[in-house]
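# Chains, contacts and geometry: an overview
One letter stands for each residue in the lines below.
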Amino acid sequence: MTPMVSSPACPLAGAITVPGDKSISHRALILGASAMGVSRIRGLLEAEDVLATLAAIRRLGVKVEAAGSEWQVHGPGVGGLAEPTGALDLGNSGTGVRLLAGLVATHSFVSFFIGDDSLSARPMKRVMDPLDQIGASFWTRSGGRLPMAVRGAADPLPITYRLPVASAQVKSAVLLAGLNVPGTTTVIEPQPTRDHTERMLRHFGAEIEVEDIDAGGRRISLAGQQELLGRDLVVPGDLSSAAFPLVAALVCPGSRLTLRNIGINPLRTGLLTTLREMGARLSLTNERQAGLEPVADIVVESGPLRGVSVPARRVPAMIDEFPILAVAAAYAEGVTRMTGIGELRVKESDRLSAMARGLTACGIVVEEGEDWLDIVGAQGSPPLGGAKVPTGMDHRMAMAFLVFGCASQRPVEVDDAGPIGTSFPGFADLMNGIGARIENAQ
Ligand code: S3P
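Cut-off values and rules
- Residues numbered from 1 in each chain as written.
- Predicted model: local features only at pLDDT ≥ 70, side-chain atom pairs only at ≥ 80, totals over all residues.
- Heavy atoms only, no water.
- Near = heavy atom within 4 Å.
- Polar contact = N/O pair within 3.5 Å; in protein donor to acceptor, adjacent residues only side chain to side chain.
- Areas by Shrake-Rupley, 256 points an atom, 1.4 Å probe, with all protein chains shown as cover.
- Helix = DSSP H or I, 4+ residues; strand = E, 2+ residues; numbered from the N terminus.
- Nonpolar A, V, L, I, M, F, W, Y, C, P; charged D, E, K, R; others polar.
- Domains from an automatic or database assignment.
- Disulfide = S-S within 2.5 Å.
- Contact = heavy atoms within 4.5 Å.
- Buried area = accessible area lost by both parts, 1.4 Å probe.
- Salt bridge = Lys/Arg side-chain N within 4 Å of Asp/Glu carboxyl O.
- Pairing = 2+ DSSP bridges.
- Axes fitted to C-alpha atoms, helices over the stretch in contact; angles between N-to-C directions.
- Parallel < 35°, antiparallel > 145°, perpendicular 65-115°, else oblique.
- Left-handed = near helix turned anticlockwise from the far one by under 90°.

### Details of the site of the ligand
- Every residue lining the ligand is accounted for by S23, R27, T95, R126, A166, S167, A168, Q169, R194, I319, D320 and K347.
- For the ligand, an oxygen atom lies 2.7 Å from a polar atom in the side chain of S167.
- K347 is positioned with one of its side-chain polar atoms (N or O) 2.7 Å from an oxygen atom of the ligand.
- For the ligand, whose unbound accessible area comes to 380 Å², protein coverage reaches 95%.
- Elements supplying a minimum of two residues to the shell around the ligand: helix 1 (22-32) and helix 5 (168-178).
- Looking at the shell around the ligand residue by residue, the class counts come to three nonpolar, four polar and five charged.
- Residue-level mapping places the shell around the ligand at the junction of two domains, with at least three residues from each of domain 1 (4-20 + 236-440) and domain 2 (22-223).

### A word on the state of the cysteines
- With the rule as written, the count across this model stands at one disulfide.
- Note that C10 is cross-linked by a disulfide to C252, the S-S spacing being 2.4 Å. Between C10 and C252, the S-S torsion sits near -60°, and that sign places the bridge as left-handed. With a gap of 242 residues between them, C10 in the loop between strand 1 (4-7) and strand 2 (13-17) and C252 in the loop between helix 7 (239-251) and strand 15 (256-263) connect regions that are remote in the sequence.

### Here we look at the domain arrangement of the chain
- For the chain, the assigned domains read domain 1 (4-20 + 236-440) and domain 2 (22-223).
- With centres defined by C-alpha atoms, the gap from domain 1 to domain 2 works out at 28 Å.
- Listed by partner, the interface residues are 28 residues for domain 1 and 29 residues for domain 2.
- Here domain 1 and domain 2 share an interface that buries about 2,300 Å² over both sides, 52% of which is from carbon and sulfur atoms.
- Interface area lost by domain 1 to domain 2 is led by L267, L292 and T422, which between them contribute 26%.
- Joining domain 1 to domain 2, the criterion identifies four salt bridges.
- Put simply, R194 and D320 hold a salt bridge, and the shortest N to O gap is 3.5 Å.
- For the side of domain 1 that touches domain 2, the secondary-structure elements that each account for two or more residues are strand 17 (293-301) and helix 11 (395-404).
- Per-class residue counts for the side of domain 1 that touches domain 2 are 12 nonpolar, seven polar and nine charged.

### A few points about the sheet that holds strand 17
- An order of 2-15-17-16 is seen for the four strands of this open sheet, with the pairing classed as mixed. Two strands bound the open sheet, and with one partner strand each, they are strand 2 and strand 16 (281-290). Between one strand and the next, the sheet's axes are offset by a mean angle of 15°, whatever the strand orientation.
- Relative to strand 17, strand 16 runs antiparallel, the two sharing eight bridges. By the bridge assignment, S283 is partnered in strand 17 with V299.
- Sitting on the sheet, helix 8 (residues 270-277) is in contact with strand 16 and strand 17, with an inclination near 155° to strand 16.

### Topic: the packing of helix 10 (residues 351-361) against helix 11
- Contact pair helix 10 / helix 11: the axes reach a minimum separation of 11 Å and the direction vectors enclose 25°. The orientation of helix 10 with respect to helix 11, classified from their angle, is roughly parallel. The two elements helix 10 and helix 11 cross, and the hand of that crossing is right-handed. Here R351, A354, M355, G358 and L359 of helix 10 come into contact with helix 11, specifically with H395, R396, M397, F401 and F404.
- Taken together, the residues that form the contact of helix 10 with helix 11 break down as six nonpolar, two polar and two charged.

Here you go:
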């Protein structure tokens, strides 16, 4: 355990970049491992989650090399993976295990997946259901929990699958399995989720069709057993990481911060929309296309925030940002209401109750329901803080409460900042570089 403490230190100022996008980094490695020939990746997130996916694709027989600031993946082509010699250990990474389960589900060998205590508590049934229809077989602990063994289908079948939960991981698992299926695999998503997989499949040369259907949903069809060709990729900065210094600057009086080269895929920017509704002073400059994804520089200035209701339909576009939104809400005037957030209970921790418990300990009034949370803001004066918050092996809970302590009346301690390394190596140094005071606790 690495306890850390964040003491009030305002204002925050500077111009920073944040590490590469985690979702895009996993996909770059996995699609590189599915293509024929060399893929060169720049800006890859070199954090524990992505390095676990990298180690897993090596175990599946794919050569991956670092060459300066670039990573080169020597892909064997669709269907070309080898039976792994040992268990695939995905550490803390739900994205890693679910996407790779899809990939191996249409290779006719057996793979074993393991992970840390947090990952071993998370549900895998959501990927097992569609992959079972394709022809793969699974063995897990009770409740569909890791460890998990997968026997890939020898004669995989094309399916049409309607997602019962809005999940980019499940959608991606089905599409990755579909790469090695004769015929067309279709995923129907009633609510759109991040589309990095679809964009990247197209970039690698796959024939993929995306149609809008009623009520904002999408139908995605991928023709299987096409040849993908190795490509060059550039990974933008992760908005889900940028969100932490961004909210810190919003709540620390007198702050002005520029975040450079941040991915602004419209299916990821729900937090920016919500913060603007709360009155945040945010502007996007230098908007451009960096390879497959739109990016921009974000300029943020501190100022008063007011509570808002976050509509349930926006949840997929900010699914990882609720812990840091909860911090913004604690500093706002009035009530912030989050609804339709039941999925937060099955993230790296049960974030819904972790947010409620942590905020309460820091002097904030909250009301928690099965899939909603109301947060009563501190009404203009800085919230109390002064608590020791358990992070439950969850990087985003750790970072959110360290941001809480940047402007509260008393310091905030987290019991374990270790998990921050899964997504945002160098978080404390970067924050301290703009004026924060985040240190190891005694
Ligand atoms: C991710 C999808 C989301 C998100 C996760 C990354 C992805 O999970 O919470 O951090 O890269 O596809 P769900 O698919 O469970 O919503």
